[in-house]
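Geometric and topological summary
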Amino acid sequence: MSNARERIEQIQRVLMRGAEFDESLLERDYKFAHRKRIPLAGFAYRPLDARSACIGVVTNDAFSRDVADYRELGAPLLLVESDDAFNLWRVGSENSGDKKIAESMSVDGIRQYFAERPDALRPHRIYEAKTSARIERPAKQLELFSAFVDPELLPAVEQQIAKRLTTTVVSCINDVVSKFGPNEWVIKTVFRLLAGKILRDKQVPNFRSLTLSHVSDVLRRVEQHYGSRDPLTLSPKQLSSLDGVVDEIQSLGDLRNLTTESLGDVYEQALITKEIRKIHGTHKTPSYLVDYVVWQLAKWIEEIPVDELRFFEPGCGHAPFLVSLMRLLRTLDIKTPNLSEFFRERFVGVDNDPFALEIARLSLTLADEPNPDGWHGLAEADMYASDLLEKMAAQSTVLLTNPPYEGRKAEELLYRVLPQLPVGAIFGAVVPATLLFSDKPRAIKLRKWITSSCQLAEVDLFPERIFTFANHECAVLIGRIIDKGKLSTMALQTRIRRVRNDVEARSVFRLDYRFDSTRYISQGTFSEDRNSSLWIAEFQSEIWNFLGQFERLSSIAHVNQGLQHKGTTLPKNAQIISEERFIGSKLGFFTSSGKWDVHNHPQKKYLNISADVIRRKGSGTDCMPQILVNYAPIGQRPWRLKPFVDPVGRPFTSRFLSVRPIGSTDLVFLWALLLSPLANLFANTHLLKRDVTKGIIETFPIPPADEISRNRVCSIASQYIDLASRNARSLINPGGYGESELLRLLTSLDAEVLRLYQLPAKSERFVLEQFRGAQRPGVPIRFTEYYPPSTPDVPLYAYLSKSYQRWLRGGSPELSDADLAAYDTLVGKVESGKLTKREANRLHNLQTEVDGRDYAVMNQIPNQTIESGSDDFDQRLRELSDRTASAVIKRSRNENSARG
């Protein structure tokens, strides 16, 4: 027996006795990735793969002692032998994250180290930290996260594995397609060869002795394994063309460590064609989103009696929810003698794509290796063509789905299945975001049923580009069915969360499950809306409730969309847009894209405004003075609007909204309102879809403002437009703007508009904090904040005052005796009603200085700003409502059992 082998045996015993590893989950000479192996690997659960890997042990005779070479194993901990001792490493998602956390330990020292940390260094605890604990980051996991587990390791490893696998499969398919064209047999053959390779490496019975180069034998075994209804018969020429495919698949190395979740990328990127996605609305649910939904249901699943647990995934595709459920159920205390049999008896999935079901069977087989296939609960059927959905739902207690999105199929599925679920059944659904607020009668009826018959625990809103190939905003609904006769939903709490539409926010959620905002509301709040929309605008309590009694933009302006030209029905040879004038055209605006500033306007082109080429004219051909607002959002969050003044009244396309004053309202005043941070924040929080819609913009709250106040805003706005139009000051342009001068004017304009709303200082500060760090679009200068983060809560107009600025520089904020005397005199004239317009402006300026002084005095000690997110009270209230619903459901279940 070699010294290295003795060490491995000793450490194996240590991990079993000191860290409670199961002997069957400790693998010697474990192979993974491309020609890599590790002397000992420890896992928390089956299957043995990158997800369940907890620790690796590297001895002196291993192929490498570099931590980076073992990253793809997926184990967050690595014991690396150095001379006659071991160092314990925390494996990061990249080299910079690798950290030595203990060194020079003997075998007995390893035993002691693990024994002293029972709340951290146990397989199930390490697995939790890699997976479900990433959602809430509970206090019990803090030691794990800070010392032992990099939460970004698993996502990084799975992404790396999936990328390599997908690249190889796509390359194989393209190689054969180049010889035979895009035939269906090509995709199926490559997939089945890959399946054979995976099943062999995973040591699935009947595949252990498989020789991949015997293509016909591989195809036969795979087809028999899944009971394929379309076995392939290939010609000698076709078979010989696959030699290169076999070599490429072999080059992937040992795939035993491959996670089932990584197969989803292959399914979507290599095996779903563009045509299939378009016709069926097929889109792969990202594994991190699947896990988020499933992990949220863990507590409720444990409350359902084991003999009542039945799981249904309609539109299952490659069965991502069932796979994630299988992993979750292994971690729960499910009292059943044979989990593998339990899975096969209780898992039901339906899809109309037989090839997707092959992938589903492979996925489930790998997630339950080394057990055989036998997934008879997966059925091929058109679930919309009969009452199949209703029948399956009536027998299910756990429903998880990401249904097709085309043709409102997601709405139809929920409409048909949710009312059929029994009391106590739970559901998690990934749906189009439009379902939350659609004004279609059936959507409204569905939402009203959900809010009255379900405990809707969570509504999450996600931006576009969550799905690789589908450009949808989506939402997650998590809830359970209640007996509405025994529990009022008004008492229940719903958590509402949102991930913003930018690359960083999507990445943060994918890696760390962090949302941009989290709120808790009474479920009954949804019923207060006429259409029972399942979304409440962010900052409702902080901002919008305060402005709820204000007039809306529609009271002072008409809002409409521009013209839409005909598509396929255009007259033959009709010209629509051109750089040059043509018959029937007029110079106007066709797109808001491109680099242009709000004091100016986007590029103009000649638009055909003849009636025979226009499908819908809107207000695009009326040619009246107007403010035009971009229809597609522009800029970094939460900046969404780039309004500009069009005093001429040019034609414009549907890529703009026109805002036209009613009565004497000045165009520039409307421009200033729509340019303001409050208007941008309103659009950002109220618009769930990408586009800036008429229905939302016309509901923007308008402050009460008399003629003097409006003229004051217009004066500053006109000064800004005039100065910005001169371009930057330089040697050849001495009359241009200085950056600080233009910044001061723009900030003063925003301050004057916000002042009209009279928000509390804390609320106004909250509004402005939302824009910190985001470059303002449409301005020719750097604009990323209104004031430093350390600034106390103070209205922007007071912050800009001379008195407050003196205080910031260390001086006195006090006003002169002459100013104070003038202030008192003018206040007296207000009370007597004898104030002239000129005096009103003088008083306005003095009031600014007085308020600046007062805030300076009050803000000697900075206050805390408002922060979005949940607080402990909200969380406790939600937990209380959850316990109440659980108790009512349990009583209903007991009563039904007694009657039965």
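Before any of the text, the structure's been laid out above.
This section reports on the structure supplied with the text. Values in this document were obtained by computation on a predicted structure and should not be read as measured data. (Residues numbered from 1 in each chain as written. Predicted model: local features only at pLDDT ≥ 70, side-chain atom pairs only at ≥ 80, totals over all residues. Heavy atoms only, no water.)

Some points on the sheet that holds strand E19 (residues 577–578)
Spelled out, the test is: In this analysis, strands are considered paired if DSSP registers two or more bridges between them. Secondary structure elements are taken from DSSP: a helix is a run of H or I of four residues or more, a strand is a run of E of two residues or more, and numbering for both begins at the N terminus.
Strand order across the open sheet formed by 3 strands is E19-E21-E20, with antiparallel pairing between neighbours. Each edge of the open sheet is held by one strand with a lone partner, namely E19 and strand E20 (585–589). Where E20 lies against strand E21 (residues 604–608), 5 bridges are found, and the strand directions are antiparallel. Its bridge partner lying in E21, leucine 587 is registered against tyrosine 606.

So, the sheet that holds strand E25 (residues 656–661)
Quick note on the threshold: Angles run from 0 to 180 degrees between N-to-C directions of axes, and those axes are lines fitted to C-alpha atoms, restricted for helices to the stretch in contact.
An order of E17-E25-E23-E24 is seen for the 4 strands of this open sheet, with the pairing classed as antiparallel. The outermost strands of the open sheet, each flanked by one partner alone, are strand E17 (557–561) and strand E24 (644–646). Geometrically, the sheet is characterised by an average inter-axis angle of 30° between neighbouring strands, direction not taken into account. Direction of pairing for strand E23 (residues 626–630) relative to E24: antiparallel, over a ladder of 3 bridges. Note that in E24 the partner of glutamine 626 across the bridge is aspartate 646.

A short note on the packing of aromatic side chains
Each aromatic ring pair is specified by the distance between its two centres and by the angle formed by the two planes. Formally: Only rings of Phe, Tyr and Trp enter the pairing, Trp through its six-membered ring, and a pair is recorded when the two centres are within 6.5 Å. The plane angle decides the type: under 30 degrees is stacked, over 60 is edge-to-face, the rest tilted. Only protein chains enter the accessibility calculation, which uses a 1.4 Å probe; a residue is then buried when its area is under 20% of its type maximum, exposed when over 50%, and partly exposed in between. Charge over a ring is defined by NZ of Lys or CZ of Arg lying within 6 Å of the ring centre and within 35 degrees of the ring normal.
If you walk through the whole model with that rule in mind, you get 36 aromatic pairs. Pairing phenylalanine 180 with tryptophan 185 gives two aromatic rings, centres 5.3 Å apart and planes at 75°, and the pair type is edge-to-face. The exposure class assigned to tryptophan 185 is buried, which follows from its relative accessible area of 13%. Consider the rings of phenylalanine 509 and phenylalanine 515, whose centres lie 5.0 Å apart with planes at 65°: the pair is edge-to-face. Relative accessible area serves as the criterion here: at 1%, phenylalanine 509 is assigned to the buried category. These aromatic residues form a ring-pair network of at least three members: Tyr288, Tyr292, Trp295, Phe462, Phe509, Tyr513 and Phe515. Stacked on the ring of tryptophan 535, the Lys or Arg arginine 519 has its end atom at 5.3 Å from the ring centre. Over the ring of tryptophan 596 we find lysine 642, and its NZ or CZ is 3.9 Å from the ring centre.

Focus: the pairing of E17
Where burial is concerned, the two faces of E17 differ: the one with Ala557, Val559 and Gln561 is buried and the one with His558 and Asn560 is not. Two elements, E17 and E25, share 5 bridges in a ladder whose sense is antiparallel. In the sheet register, alanine 557 faces E25, and the bridge partner there is proline 661.

Here's the deal with unusual backbone geometry
Comment: phi is negative for the bulk of residues other than glycine, and the bulk of peptide bonds are trans. Cis geometry is adopted by the peptide bond preceding proline 47, which originates at arginine 46 and carries an omega value of 0°. Position of proline 47 among the secondary structure elements: in the loop between strand E2 (36–43) and strand E3 (53–58). Located in the positive-phi region is aspartate 83, a residue other than glycine, with phi close to 60°. Within the secondary structure layout, aspartate 83 lies in the loop between strand E4 (77–82) and strand E5 (85–90). Owing to a relative accessible area of 58%, aspartate 83 belongs among the exposed residues under this scheme. Its identity as a non-glycine residue notwithstanding, glutamine 758 has a phi of 55°, on the positive side. The residue glutamine 758 is located in the loop between helix H26 (739–757) and helix H27 (761–769) in this model.

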